[in-house]
2 protein chains.
Amino acid sequence: MMNMIQRKTRNPEQTRNDLLDAAYHEILESGFQAASLERILANTSVSKGALYHHFGTKRDLGLAVIEEVIGPQLEERWFTMLAQHDNPISGLYNLIAEKISHADESVIRYGCPLNNLIQEMSPLDESFRQGLQKIIERWVEVVAEALKEGQSAGQVRPDSNPEDIALYIVASIEGCVGLGKNAQSINAYQRCLRQLQVYIQSLAV
Amino acid sequence: MMNMIQRKTRNPEQTRNDLLDAAYHEILESGFQAASLERILANTSVSKGALYHHFGTKRDLGLAVIEEVIGPQLEERWFTMLAQHDNPISGLYNLIAEKISHADESVIRYGCPLNNLIQEMSPLDESFRQGLQKIIERWVEVVAEALKEGQSAGQVRPDSNPEDIALYIVASIEGCVGLGKNAQSINAYQRCLRQLQVYIQSLAV
DNA sequence: GAAGATACCGACCAAACGGTATATTGTCAA
DNA sequence: TTGACAATATACCGTTTGGTCGGTATCTTC
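Reading guide: rules and limits
Residues numbered from 1 in each chain as written. Chains lettered and ligands numbered in written order. Predicted model: local features only at pLDDT ≥ 70, side-chain atom pairs only at ≥ 80, totals over all residues. Heavy atoms only, no water. Helix = DSSP H or I, 4+ residues; strand = E, 2+ residues; numbered from the N terminus. Buried < 20%, exposed > 50% of the residue type's maximum accessible area, 1.4 Å probe, protein only. Phe/Tyr/Trp six-rings, centres within 6.5 Å; stacked < 30°, edge-to-face > 60°. Lys NZ or Arg CZ within 6 Å of the ring centre and 35° of its normal. Axes fitted to C-alpha atoms, helices over the stretch in contact; angles between N-to-C directions. Parallel < 35°, antiparallel > 145°, perpendicular 65-115°, else oblique. Left-handed = near helix turned anticlockwise from the far one by under 90°. Contact = heavy atoms within 4.5 Å. Nonpolar A, V, L, I, M, F, W, Y, C, P; charged D, E, K, R; others polar. Least-squares fit on C-alpha atoms with pLDDT ≥ 70 in both. Buried area = accessible area lost by both parts, 1.4 Å probe. Salt bridge = Lys/Arg side-chain N within 4 Å of Asp/Glu carboxyl O. Polar contact = N/O pair within 3.5 Å; in protein donor to acceptor, adjacent residues only side chain to side chain.

- An unreviewed UniProt entry lists chain A under the name TetR/AcrR family transcriptional regulator, with Acidithiobacillus sulfurivorans as the source organism.

Rendered as structure tokens:
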């Protein structure tokens, strides 16, 4: 076979990561169903053969993006930061504050990758739903755990259910991001999150 | 041409409504991009020719669903009901209570048609975004207006911005529906909305 | 009742899609 | 050095997609 324009050296790990990264962005921009493998390949200079060597189907690629890109991303940016504060109220408050001040264009334009996939895929594919749900549950659990410790330390009002509140906080965040995205407005995004801050402060004892 | 199996009598309005209704359900189940015209046609016994007589493109059909189905649906179920209460706190509270008790399977499975389309389409098509944003703005406006009147009547705390709170409430609702959908859990859905009720009550003077 | 407009029909089309088959090349253990 | 296998390349395939087109039936108007 002629004209084999191949990569100079083999690097399967790099190839796999390139694919995951390109797939992540393609999915963020177009959604999973409308994500085009051809476009992903064009953005990575990876051949179709290589793609199907690393991932059995488009679906497998999507599931890998959830598990290996979106999950870890949230874990880093959110969960470890929350653990650094010894007061959950100020911890959550500061986390939201950071979201408010770092309102970059990508969030306003494309919203939250996790929420996007939830709305699109969770009714259509049980494996997707479970992969996404695992991340959500972890998120809620981390917030709930912080609130519980805050209750023990007398920082959080004891008359409230940490699990329920954590669930609601996560829901509100996704809601704020979603509305900011549709308004295409940093202002709406910030105003919405600001109210969440007010709510969070009301949890203090 | 032989074998023209046509509808017995013409009824352009009915045909159009049938198409809008079927498209609404198809979009709710699959999203807009993955919505199949063939499937819509199969569910309506309308021919492709008839479809393209009433709607210029698939995009036009989608925009019509937003404007003529989703918009009015929310207007009926929400906006008129809120106007019936003379206290916005109890009005909003009851509206959420109704959502909690009427947690039908469709909401848990498919979520909110408005939010689904926002997350999928608003970054991809400016006309979609504007159509959806019009509905969101109306929603926020109705809630904000009710809160303002409540402030005047001394029912709502005066130290808060009705527009911001209204935005946040709408965002929270969408967030709760979205999480309930991903958890596939009526329980999570209800617990989440229950916290929103608590928040709403905290707005009372 | 003829003419013109409106509504509807179904075969067809090009493009894009995810996926497969087969060939080739790099890597590394034996 | 060689044999085996992992990694990569590309041509190709069947299906589905949104959309078009020439034609027909029905309704309205004069």
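## Description of unusual backbone geometry
All names here are of chain A.
Logical step 1: Unlike most non-glycine residues, Ser45 shows phi in positive territory, near 55 degrees.
Logical step 2: Along the polypeptide, Ser45 turns up in the loop between α2 (37-44) and α3 (48-54).
Logical step 3: The exposure class assigned to Ser45 is exposed, which follows from its relative accessible area of 60%.

## Description of the packing of aromatic side chains
Any aromatic ring pair is given by two values, namely how distant the centres are and how the planes are angled relative to each other.
Logical step 1: Throughout the structure, instances matching the rule amount to nine aromatic pairs over all chains.
Logical step 2: A centroid spacing of 5.1 Å and a plane angle of 75 degrees characterise the contact between A:Tyr168 and A:Tyr199, whose relative ring orientation is edge-to-face. With A:Tyr168 in helix α9 (residues 162-183) and A:Tyr199 in helix α10 (residues 186-201), the pair connects residues that are 31 residues apart, well separated along the chain.
Logical step 3: Residue class for A:Tyr168 comes out buried when judged on its relative accessible area of 0%.
Logical step 4: Through a chain of ring-to-ring contacts, three or more aromatic side chains come together here, namely A:Tyr168, A:Tyr199, B:Tyr168 and B:Tyr199.
Logical step 5: Between the NZ or CZ atom of A:Lys58 and the centre of the ring of A:Phe32, over which it lies, the distance is 4.8 Å.

## Some points on the packing of helix α9 (residues 162-183) of chain B against helix α10 (residues 186-201) of chain B
Residues and elements named next belong to chain B.
Logical step 1: Contact geometry for α9 and α10: axes closest at 8 Å, N-to-C directions at 165 degrees. Classed by the angle they form, the pair α9 and α10 counts as roughly antiparallel. Here α9 runs over α10; the crossing is right-handed. In contact with Ile165, Tyr168, Ile169, Ser172, Ile173, Cys176, Val177, Gly180 and Ala183 of α9, α10 contributes Ala188, Tyr189, Cys192, Leu193, Leu196, Tyr199 and Ile200.
Logical step 2: A per-class count over the contact of α9 with α10 returns 14 nonpolar, two polar and no charged.

## Quick look at the relation of the copies chain A and chain B
Logical step 1: When chain A is fitted to chain B, the best match, at an RMSD of 0.0 Å, comes from turning it 180 degrees and sliding it 0.0 Å along the axis. One copy is carried onto the other by what is essentially a two-fold rotation axis.
Logical step 2: Mapped onto chain B, 100% of the interface residues of chain A again fall at the interface, so both copies present the same surface.

## Description of the interface of chain A and chain B
Logical step 1: Contact with chain A, which involves 39 residues of that partner, is made by 39 residues of chain B.
Logical step 2: Together chain A and chain B conceal approximately 3600 Å² of surface at their shared face, both sides included; 56% is due to carbon and sulfur atoms.
Logical step 3: Sorting the residues of chain A by area buried against chain B places A:Gln119, A:Tyr168 and A:Asn182 first, and these three jointly supply 20% of that buried surface.
Logical step 4: Counting across the interface, chain A meets chain B through two salt bridges.
Logical step 5: Viewed at the interface, chain B and chain A are joined by 14 residue pairs in polar contact (both at pLDDT 80 or more).
Logical step 6: For the side of chain A that touches chain B, the secondary structure elements donating two or more residues are α1 (12-30), α6 (105-110), α7 (113-121), α8 (126-152), α9 and α10 of chain A.
Logical step 7: In terms of residue count, α9(A) provides more of the side of chain A that touches chain B than any other element does, 15 residues in total.
Logical step 8: Of the residues assigned to the side of chain A that touches chain B, the class counts are 19 nonpolar, 13 polar and seven charged.

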